[in-house]
Number of protein chains: 2
Amino acid sequence: MEEKKVSTEKVLELLQSRKFFDLRNTLKDLNPIDIANLFSDIPEDKLLMLFRILPKDDAAEIFTEMDTDDQELLIKGFTDKELKDVIEEMYIDDAVDMIEEMPANVVSRILRHADPETRKQINEILKYPDDSAGSIMTTEYMSLKEDMSIQDAFDRIRKTGDEKEDIYTCYVINANRKLQGIVTVRDMLLSSNERTIGELMETNIISANTTDDQEAVAKTLAKYDLTAIPIVDNDKRLVGIVTVDDAIDVIQEEATEDFEKMAAVVPHEKSYFDTSVLQHYKNRIPWLFVLMFSSMMTGIIIEHYEEAFKTLPLLVALMPMLMDTGGNSGSQASTLIIRGMAVDEIHLNEYFKAVWKEFRVSLLVGASLAIVNGIRIYITYKNLKLSIVIAITLVFCVMVAKLLGCSLPMLAKRLHLDPAIMASPLLTTLVDVSSVWIYFQIATMIMM
Amino acid sequence: MEEKKVSTEKVLELLQSRKFFDLRNTLKDLNPIDIANLFSDIPEDKLLMLFRILPKDDAAEIFTEMDTDDQELLIKGFTDKELKDVIEEMYIDDAVDMIEEMPANVVSRILRHADPETRKQINEILKYPDDSAGSIMTTEYMSLKEDMSIQDAFDRIRKTGDEKEDIYTCYVINANRKLQGIVTVRDMLLSSNERTIGELMETNIISANTTDDQEAVAKTLAKYDLTAIPIVDNDKRLVGIVTVDDAIDVIQEEATEDFEKMAAVVPHEKSYFDTSVLQHYKNRIPWLFVLMFSSMMTGIIIEHYEEAFKTLPLLVALMPMLMDTGGNSGSQASTLIIRGMAVDEIHLNEYFKAVWKEFRVSLLVGASLAIVNGIRIYITYKNLKLSIVIAITLVFCVMVAKLLGCSLPMLAKRLHLDPAIMASPLLTTLVDVSSVWIYFQIATMIMM
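Residues numbered from 1 in each chain as written. Chains lettered and ligands numbered in written order. Predicted model: local features only at pLDDT ≥ 70, side-chain atom pairs only at ≥ 80, totals over all residues. Heavy atoms only, no water.

Enquirer: I tried to follow the pairing of strand 6 (residues 238-243) of chain B on my own but got confused; where do I start?
Expert: Strand residues, when the strand is regular, have side chains that alternate between the two faces of the sheet. All names here are of chain B. Taking burial as the measure, the six residues of strand 6 include six buried ones, the bulk of the element. For strand 5 (residues 228-232) and strand 6, the ladder comprises five bridges, and the chain directions are antiparallel. By the bridge assignment, Ile 231 is partnered in strand 6 with Gly 240. Where strand 5 folds back on strand 6, the antiparallel hairpin that results is connected by five residues, among which Lys 236 adopts a positive phi of roughly 65°. (Buried < 20%, exposed > 50% of the residue type's maximum accessible area, 1.4 Å probe, protein only. Helix = DSSP H or I, 4+ residues; strand = E, 2+ residues; numbered from the N terminus. Pairing = 2+ DSSP bridges.)

Enquirer: It is not clear to me how the interface of chain B and chain A should be interpreted in this structure. Could you clarify?
Expert: Put simply, an interface is often sized by how much accessible area is lost when its parts join up. At the junction of the two partners, chain B supplies 127 residues and chain A supplies 127 residues. Of the roughly 11300 Å² buried between chain B and chain A, counting both surfaces, carbon and sulfur atoms make up 66%. Our enumeration of links across chain B and chain A arrives at four salt bridges. The partner of Asp 34 of chain B in a salt bridge is Lys 223 of chain A, and the shortest N-O contact between them spans 3.5 Å. Applying the counting criterion to the chain B and chain A interface returns 34 residue pairs in polar contact (both at pLDDT 80 or more). Tallying contributions element by element places helix 19 (residues 314-342) of chain B first for the side of chain B that touches chain A, with 18 residues. Here the side of chain B that touches chain A is composed, by residue class, of 62 nonpolar, 29 polar and 36 charged. (Contact = heavy atoms within 4.5 Å. Buried area = accessible area lost by both parts, 1.4 Å probe. Salt bridge = Lys/Arg side-chain N within 4 Å of Asp/Glu carboxyl O. Polar contact = N/O pair within 3.5 Å; in protein donor to acceptor, adjacent residues only side chain to side chain. Nonpolar A, V, L, I, M, F, W, Y, C, P; charged D, E, K, R; others polar.)

Enquirer: Got a minute to help me understand the pattern of salt bridges in this structure?
Expert: Two side chains that carry opposite charge are able to pair once their charged atoms sit near each other. Applying the stated rule across the entire model yields 32 salt bridges over all chains. A salt bridge links Glu 306 of chain A to Lys 310 of chain A; its shortest N-O distance comes to 3.6 Å. On the criterion of helical spacing, the pair formed by Glu 306 of chain A and Lys 310 of chain A is a turn pair, its members being four residues apart in helix 18 (residues 306-311). Exposure remark for Glu 306 of chain A: the relative accessible area of 27% places this residue in the partly exposed category. We classify Lys 310 of chain A as partly exposed; its relative accessible area is 33%. With a shortest N-O distance of 2.7 Å, Arg 52 of chain B and Glu 82 of chain B are connected by a salt bridge.

Enquirer: For this particular structure, what's the right way to read the confidence of the model for chain A?
Expert: Low pLDDT means the predicted coordinates in that region are not meant to be read closely. Per-residue pLDDT for chain A averages 89, and the proportion of residues at 70 or more is 99%. At the level of chain-chain contacts, confidence expressed as ipTM amounts to 0.82, with global pTM at 0.83. (pLDDT = per-residue confidence, 0-100.)

Enquirer: What is the right way to look at the side chain of Asp 245 of chain A in this model?
Expert: Along the polypeptide, Asp 245 of chain A turns up in helix 16 (residues 244-262). One buried charged residue, Asp 245 of chain A, forms no salt bridge at all, with the nearest opposite charge on Arg 186 of chain B at 10 Å. Polar contacts involving the side chain of Asp 245 of chain A include one to the side chain of Thr 243 of chain A, which spans 2.7 Å. Beyond its immediate stretch of four places on either side in the chain, Asp 245 of chain A contacts Glu 165 of chain A together with Asp 225 of chain B. (Lys, Arg positive; Asp, Glu negative; His and termini not counted.)

Enquirer: Where do I start with the sheet that holds strand 3 (residues 179-184) of chain A in this structure?
Expert: Adjacent strands of a sheet form backbone hydrogen bonds with each other and so pair up, either parallel or antiparallel. All names here are of chain A. The three strands are arranged 1-2-3 in an open sheet whose pairing can be described as mixed. The open sheet has two edge strands, strand 1 (141-144) and strand 3, and neither has a second partner. The average undirected angle you get between the axes of adjacent strands in this sheet is 35°. The pairing of strand 2 (residues 166-173) with strand 3 spans five bridges and is classified as antiparallel. Pairing of Tyr 171 across the sheet is with Ile 182, part of strand 3. Each of strand 1 and strand 2 touches helix 12 (residues 150-160); the most contacted strand, strand 1, lies at about 150° to it. (Axes fitted to C-alpha atoms, helices over the stretch in contact; angles between N-to-C directions.)

Enquirer: Looking at this structure, I do not really get the relation of the copies chain B and chain A. What am I missing?
Expert: For the pair of chain copies, the relating transformation is a rotation about an axis with a translation along it. The two copies are related by a screw operation: chain B maps onto chain A through 180° of rotation and 0.1 Å of translation along the axis, at an RMSD of 0.1 Å. Taken together, the rotation angle and the small translation identify this as a two-fold axis. No C-alpha of chain B lies nearer the rotation axis than that of Lys 310 of chain B, which sits 2.9 Å from it. A high fraction, 100%, of the interface residues of chain B reappear at the interface in chain A, so the copies pair face to face through one surface. (Least-squares fit on C-alpha atoms with pLDDT ≥ 70 in both.)

Enquirer: Looking at this model, I keep getting lost on the environment of Glu 61 of chain B. Mind explaining?
Expert: Residues and elements named next belong to chain B. Assignment of secondary structure puts Glu 61 in helix 5 (residues 56-65). With a relative accessible area of 41%, Glu 61 lands in the partly exposed category. Linking Glu 61 and Asp 29, residues 32 residues apart in sequence, is a C-alpha distance of 15 Å.

Enquirer: Explain the sheet that holds strand 5 of chain B to me, please; I cannot follow it from the model alone.
Expert: Across the sheet, which stays open at both edges, the three strands sit in the order 4-5-6 (chain B) with mixed pairing between neighbours. Looking at the sheet topology across the chains shown, the edges are occupied by strand 4 (208-209) and strand 6 of chain B.

Enquirer: How should I be thinking about a nonpolar patch on the surface in this particular structure?
Expert: Together, Ile 371, Ile 375, Tyr 378, Ile 379, Leu 384, Ile 388, Ile 392 and Phe 396 of chain A make up a nonpolar patch on the protein surface, roughly 760 Å² of accessible area in all. Those elements giving two or more residues to the nonpolar patch turn out to be helix 20 (351-381) and helix 21 (384-414) of chain A. (Patch = residues over 30% accessible without salt bridge, like charges linked within 9 Å, V, L, I, M, F, W, Y side chains within 5 Å. Areas by Shrake-Rupley, 256 points an atom, 1.4 Å probe, with all protein chains shown as cover.)

Enquirer: Mind showing me how you'd approach the nonpolar core here?
Expert: A general feature of soluble globular proteins is that nonpolar side chains tend to end up buried together. Ranked by size, the top nonpolar core spans 124 residues in total, and within it Phe 51 and Phe 63 of chain A together with Phe 51 and Phe 63 of chain B carry the most contacts. Sequence-distant contacts of Phe 63 of chain B, defined by excluding residues within four places in its chain, comprise Phe 51, Gln 71, Leu 74, Ile 75, Phe 78, Val 86, Met 90 and Met 98 of chain B. Grouped together as the second largest cluster of nonpolar side chains are 80 residues, Ile 301 of chain A together with Phe 309, Met 323 and Ile 390 of chain B included. (Core = buried A, V, L, I, M, F, W, Y, C linked by side-chain atoms within 4.5 Å.)

Enquirer: Looking at this structure, how should I read the packing of helix 19 (residues 314-342) of chain A against helix 20 of chain A?
Expert: How two helices pack is summed up by the angle between their axes together with the distance between the axes. All names here are of chain A. Two numbers describe how helix 19 lies on helix 20: the axes approach to 12 Å, and their chain directions differ by 155°. The angle between helix 19 and helix 20 falls in the class roughly antiparallel. Between helix 19 and helix 20 lies a crossing whose hand is right-handed. Along the contact surface, helix 19 presents Leu 314, Leu 318, Met 321, Thr 325, Ala 333 and Ile 337, while helix 20 presents Ala 354, Glu 358, Leu 369, Asn 373, Arg 376, Ile 377 and Tyr 381. (Parallel < 35°, antiparallel > 145°, perpendicular 65-115°, else oblique. Left-handed = near helix turned anticlockwise from the far one by under 90°.)

Enquirer: Where do I start with the packing of aromatic side chains in this structure?
Expert: Any aromatic ring pair is given by two values, namely how distant the centres are and how the planes are angled relative to each other. Enumeration according to the criterion identifies 23 aromatic pairs over all chains in this entry. For the pair Phe 63 of chain A and Phe 78 of chain A, a centre-to-centre distance of 5.7 Å together with 40° between the ring planes defines the contact as tilted. Here Phe 63 of chain A, found in helix 5 (residues 56-65), pairs with Phe 78 of chain A, found in the loop between helix 6 (68-77) and helix 7 (80-89); they are 15 residues apart in sequence, far enough to count as distant. Across this residue pair, the class does not change: Phe 63 of chain A and Phe 78 of chain A are buried. Joined through ring pairs, the aromatic side chains of Tyr 305, Phe 309, Tyr 439 and Phe 440 of chain A together with Tyr 305, Phe 309, Tyr 439 and Phe 440 of chain B make up one cluster. (Phe/Tyr/Trp six-rings, centres within 6.5 Å; stacked < 30°, edge-to-face > 60°.)

Enquirer: When you look at the side chain of Glu 260 of chain B in this model, what are you seeing that I'm missing?
Expert: Structurally, the position occupied by Glu 260 of chain B is in helix 16 (residues 244-262). For the buried Glu 260 of chain B, no salt bridge is present, and the opposite-charge side chain at shortest range is Arg 339 of chain A, 7.5 Å distant.

Enquirer: Which parts of the structure should I look at to understand helix 17 (residues 277-304) of chain A?
Expert: Turn by turn, an α-helix covers 3.6 residues, leaving residues three or four places apart pointing in a common direction. Over its 28 residues, helix 17 of chain A runs 40 Å from end to end, which matches the ideal 40 Å to within 8%, given 1.5 Å per residue. A maximum bend of about 30° is found in helix 17 of chain A at Arg 284 of chain A, where proline Pro 286 of chain A lies one to four positions downstream. (Expected span 1.5 Å × (residues − 1). Bend = angle between axes of the 7 residues up to and from the residue.)

Enquirer: How do you make sense of the environment of Thr 210 of chain A when you look at a structure like this?
Expert: Residue and element names in this part refer to chain A. Among the structural elements, Thr 210 can be located in the loop between strand 4 (208-209) and helix 15 (214-223). Residues Thr 210 and Ala 133, spaced 77 residues apart in sequence, show a C-alpha to C-alpha distance of 5.1 Å. In this view, Thr 210 contacts Tyr 128, Ser 132, Ala 133, Gly 134, Met 137, Ile 231, Val 232, Asp 233 and Val 239; residues no more than four positions away in its chain are not counted. A polar contact of 3.2 Å, which involves the side chain of Thr 210, links it to the side chain of Asn 209.

Enquirer: What's the story with a negative patch on the surface in this structure? I'm lost.
Expert: A cluster of acidic side chains, namely Glu 61, Asp 97, Glu 100, Glu 101, Asp 130, Asp 131, Asp 213, Asp 249, Glu 253 and Glu 269 of chain A together with Asp 225 of chain B, defines a negative patch on the protein surface. With relative accessibility at 40%, the residue Asp 131 of chain A sits in the partly exposed group. (Charge placed at Lys NZ, Arg CZ, Asp CG, Glu CD.)

Take a look at the structure:
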């Protein structure tokens, strides 16, 4: 992979020895995103000095890509002029992302120094709820009119394109800002300059509403291989666009959230190391308490069968294997179902189809485990009855585990809960209860 | 969300009553991807009839988006002419994706009917290993020369752009096809037509090698917000590009694979319902066997403490709670570490930083669980010694679980294994062993 890197030490050394010219030359060859990453390793008191050395053209882009903490420190050190320059150069959606992370006094300073037009656009996006399409859109899109010729359109792009985040997809709107169609620069380039936008535009438009869930919007972009999707309000007026780079971020964030939920961690936006020990604690303790109390149920069932394992202590030694196998069988099923629903491959109306599949899989899996384990127990303990108990228990445990693993996530979705909470940890606790009950029932029936 | 849909029933009805004109009109308004999805619900014997009704312009794109099974059926029914038309209209990377899923006789028929130039390009991509950048790239990119004027470049795009997958990023190559720079249509549109490509092009290029891992390439695209990335061979000659839509697919597939691995399922490319019962069995049984045998370790430890739980059977009833809590604490840590490494937020050289964080979190978590549970046990059983045993055990179990959960994925990565295999199932089995051992050690020390 070709990515130019410069070490933090090198940058600090040049900064220390005040070789600003060399430093600027070194930075010039780097990608703005790599420069932004450099900033996170620079001591706080040097941040502003380094920022002022950056090539003016790239400064706003580099600023956009920085950690929130670095941005906040810089803003506090900025002159009013510097602040104004950076804000006006940033894309509106990036400015909003930043503002959402800033303390109130910094936000008000930013808004005070923004142009009235910029301020209006920022406030427009800020009003949409978190996780909505409106909150991740940008209002800087390229709009065209139906009666323009392609030549007119190119002239307009040349004149106003500089400040638009995406110019390749243009949106055709009427006098009421209602979305009429979309036209790509590709189509414009590949047809003759005399045709009008109205003739060229595609009127079958895939769009989203400002209040749609951002995850759904990101998935639509991915599904239809779009580079941007128009966002309209309830009156079908165009208010912004969501671009593919932001959609990728949403897709990655949502996957991370699912991983966290499925591991019984309360999702959290910050990265692992940026999250404090106390916050990690707060994210992890709630589910541990819930699960600890539900796993006590298993204990209560075991207490009932005290006589059984007093008579045959070996029953206790085989318990973890049965519980773990049940738990693992169940979490295989639940993970496949949860992920399948997340990527739209499994739908709620396919419940019985899924149950039927899991039932057949569980028969095969249960039978294999039962045979191998039955034989092993017989060889180890020379106890035929015990090996039959274990074999039968395994078949039933696996079956119950797979059916619960398949049903609970779909039930959760049906109830408009997040299926991801039905993953391994909660499922294991529930499967434990049934495994232990099945086990001792069968054991007392056959052996006592 | 605005997506036009037509029901399968409607399509079948129009097809049945041979209202082909109405059917074509109905389909005309749909997105090609939605039409492709329709095909998967159409009976096999009607597929070819429906395909022949499609508007000619969209047929190849719709074909591209279909399930492999439908594609195979159609190809078998195609005339030579139809096959040739479709193959020539498809983008090379899509054609390769399809060919990779086809049986040998279908592949050879496809290659026989492709143009010599198309065949050469297909074979070029086919030679790269699965999961490499080469295997997902397309060879249909827009190339320019350094000495062209922008006007020349636009002329070239107009002439040849129709068959290129992406025209917005153009690649400047020299006579030896070495990559000199990249220039975007945006920059070309926003500057004057007399300037040359050489003046305008960006020479700090982020590129990837044909043999780079596709996941790494997709992440680079995401990191730098690119819509395409050039792929070069070992001599730095440009051989293709990877576009953002394919990168999104890779990101989603890799996340799905991680979910599967973390649930002890052998990853599998097909969707849940497209995977046969037998294949589901094959994907799930290997890890279940491994985990079943490792969980027997826990049983062996329990056998050692037979006397302890014969004297105090309550010890057995509390075992599942301790094991589950240990397992869940551990999988919280391992999931956060595995996902953190997957999205490049945690690096191997930060091992001690991670351990230190987990250690402090485990103290807080362990202490909270110990206090609450100690009190509960005392109230329930009026047994102070037992409640002390449980409290101390919880602190140690959580600590061991979190440290293992943090260390094992990083160790796996260090050994160039996939960290995802160290997730919940395997970890739980390992944590079980230590939890049970810690528990009975402390119990015998304090109570016996």
